[in-house]
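A look at the structure
Okay, here's what each chain looks like letter by letter:
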Amino acid sequence: MTILMVDDDVDLRAMFAELMRSLNGDCITAASLGDVERQRSTVLACSLAILDLNLGANVPSGIDVYHWLLRAHFSGKIIFLTGYGPDDPLVQEASRLPNAPTLSKPIDVDQLTELTAP
Amino acid sequence: MTVTVLIMAAGVSLASALIHFTLGLHRPGSRQHVTFALLMLATCPFQLIVARFTVTTSVAPAITLSRAAVANAIVMIALFGAFVAQYSGMKPRRTVAWAFLALSAVSLVYDLAAPRGLLYEPSTPSLTVSPIALAWQAFNALTVLWATVVGALLVRRGQRRKGVLLLLGGGSVLATIVIDIVRNVLGRSWPYVGGFGLVVFSLLLAVDLAINFRDNEQRLTEWVGTAIVLRDQLNTPLQTLRFGLATMPAANAAEHARIQRLQRAVTRLRDLGRNLQARGPFRA
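Here we summarise the structure given alongside this text. (Residues numbered from 1 in each chain as written. Chains lettered and ligands numbered in written order. Predicted model: local features only at pLDDT ≥ 70, side-chain atom pairs only at ≥ 80, totals over all residues. Heavy atoms only, no water.)

A closer look at the overall build of chain B
As a reminder of what qualifies: Only DSSP runs of H or I with at least four residues qualify as helices, and only runs of E with at least two residues qualify as strands; both kinds are numbered from the N terminus onward. Here's how the labels work: a residue is buried when its accessible area is under 20% of the maximum for its type, exposed when over 50%, partly exposed in between, all with a 1.4 Å probe on protein chains only. Contacts: residue pairs with any heavy atoms within 4.5 Å of one another. A 1.4 Å probe and the Shrake-Rupley method give the accessible areas. Residues count as covered only by the protein chains that appear here.
Looking only at helices and strands, one finds 8 helices and 0 strands in chain B. For chain B, the sequential pattern of α-helices and β-strands runs α-α-α-α-α-α-α-α. Split into buried and exposed, the 284 residues of chain B put 42% on the buried side. Pairs at least 24 apart in sequence give 66% of the contacts found in chain B among residues at least 6 apart. For chain B, the accessible surface area stands at approximately 15,400 Å², while carbon and sulfur atoms represent 68% of it.

Structural data, given as structure tokens:
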């Protein structure tokens, strides 16, 4: 199972990749929608996409990545992972999107294992 | 009509006293609110005594009422001075404060001991205001004038709202005291209005309180908002830490226990952030 992790934090992406290696999983990481678009074919082959909601100021958000994935006929599961609270407008917008639950950072490895289970 | 207005003023004073007692005794306590509440509490019977005095025609009850009114007014002026010092943070010199208290105490004792109280001349058959009474009223006017000067100083120091409040409030109290002095000097029979100045002062303070409350609420909302932003920004490093700890090899039981402790620390930090909004009275 290959997981797509989109987050603007370089340390988190690196640590996530290391964790996936230690769990014998595959992953690709991206910092932005542009990164995702550049890796289109590998991204669309993933079975799970973990999207950070806020990818920085004045740049496309995780919700834009979600819509891009749907337009590109992504067949995997999508979840949002955010550090922001339930009152944040982006979190509220994400919670209204179908088939994409929102999880709050930090999640633990057990939760991640559950998500990656086939 | 006059009696009705005086009774209404007594009601306003009592309501103001209750509000300021509530504010002053509610945690965190505030001495200046308690002092102002005591001042308003003293103003309430003063207005009622003056109301009764206004309709009294015979000499003996008028002397009893004026004695009580003066005693009440001495307490009011002392509390007024204490309040202005607390509110402005500009305390007079210790010797001046003691002299003020001593004069107030002497006036009180004289009022209670003198055959016709402090207000009336004992050597005349009719109710004539004594020179001592005029001196005492001048002393009151000076006390209030000091409060007005303190207000002007506060304005000059940049504490505009407090300063303007003391200027307006002190000015209104001063004006009413001057009216009372003129009444006594001219021997007129219109009612004493000294208490009204304090009622006006209490209304001005209510406006100040409302503005203060709004400012504090705004500040608190901003602080909570900032704290929530910080919490949100903390969660991504916590996630990195969580994943990082999960990748650390635990070669032995001691290392395993250390990693578990660090994981628990991450959990506690996460819970701390999540509880922040639930605990706060305001939402950002």
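Overview of the state of the cysteines
Condition: Note that a disulfide, as used here, is simply two cysteine sulfur atoms within 2.5 Å.
Per the stated rule, a full pass over the model turns up 0 disulfides over all chains. Note on Cys27(A): no disulfide assigned, nearest cysteine sulfur contributed by Cys46(A) at a separation of 8.6 Å.

Let's talk about the pattern of salt bridges
All names here are of chain B. Applicable threshold: A pairing counts as a salt bridge when a side-chain nitrogen of Lys or Arg comes within 4 Å of a carboxyl oxygen of Asp or Glu.
This model, assessed by the stated rule, comprises 8 salt bridges over all chains. The residue aspartate 208 makes a salt bridge to arginine 161 at a minimum N-O spacing of 2.9 Å. Of this pair, aspartate 208 sits in helix 7 (residues 194–247) while arginine 161 sits in helix 6 (residues 160–186), and the two are 47 residues apart along the sequence. On the basis of relative accessibility, which here comes to 6%, the residue aspartate 208 falls in the buried class. Here arginine 270 ties to aspartate 271 by a salt bridge, and the two come within 3.0 Å at their closest N and O atoms. By relative accessible area, which is 16% here, arginine 270 ends up buried.

A closer look at the pairing of strand 3 (residues 48–52) of chain A
Along a regular strand, successive side chains alternate from one face of the sheet to the other. All names here are of chain A. Convention followed: A pair of strands is labelled paired if DSSP reports no fewer than 2 bridges between them.
Counted residue by residue, strand 3 has 5 buried out of 5 residues, so it is predominantly covered. Residues Leu48, Ile50 and Asp52 of strand 3 are buried on one face, and the alternating residues Ala49 and Leu51, pointing to the opposite face, are buried as well. When strand 3 meets strand 4 (residues 77–82), the two strands line up parallel, connected through 5 bridges. Directly across from alanine 49, in strand 4, lies its bridge partner isoleucine 78.

Section: the packing of helix 3 (residues 59–88) of chain B against helix 4 (residues 94–113) of chain B
Residues and elements named next belong to chain B. Applied cut-off: Interaxial angle, 0 to 180 degrees, is taken between N-to-C directions of lines fitted to C-alpha atoms, where a helix line uses only the stretch in contact. What sets the label is the angle itself: under 35 degrees gives roughly parallel, over 145 gives roughly antiparallel, 65 to 115 gives roughly perpendicular, and the rest give oblique. Charged means Asp, Glu, Lys or Arg here, nonpolar means Ala, Val, Leu, Ile, Met, Phe, Trp, Tyr, Cys or Pro, and polar covers whatever is left, Gly included.
Put simply, helix 3 and helix 4 touch, their axes get as near as 9 Å, and they point 170° apart. When the axes of helix 3 and helix 4 are compared, the pair comes out roughly antiparallel. Counted together, Arg67, Val70, Ala71, Ile74, Ile77 and Ala78 of helix 3 and Phe100, Ser104, Ser107, Leu108, Asp111, Leu112 and Ala113 of helix 4 form the full contact between these two elements. Within the contact of helix 3 with helix 4, the residues separate by chemical class into 9 nonpolar, 2 polar and 2 charged.

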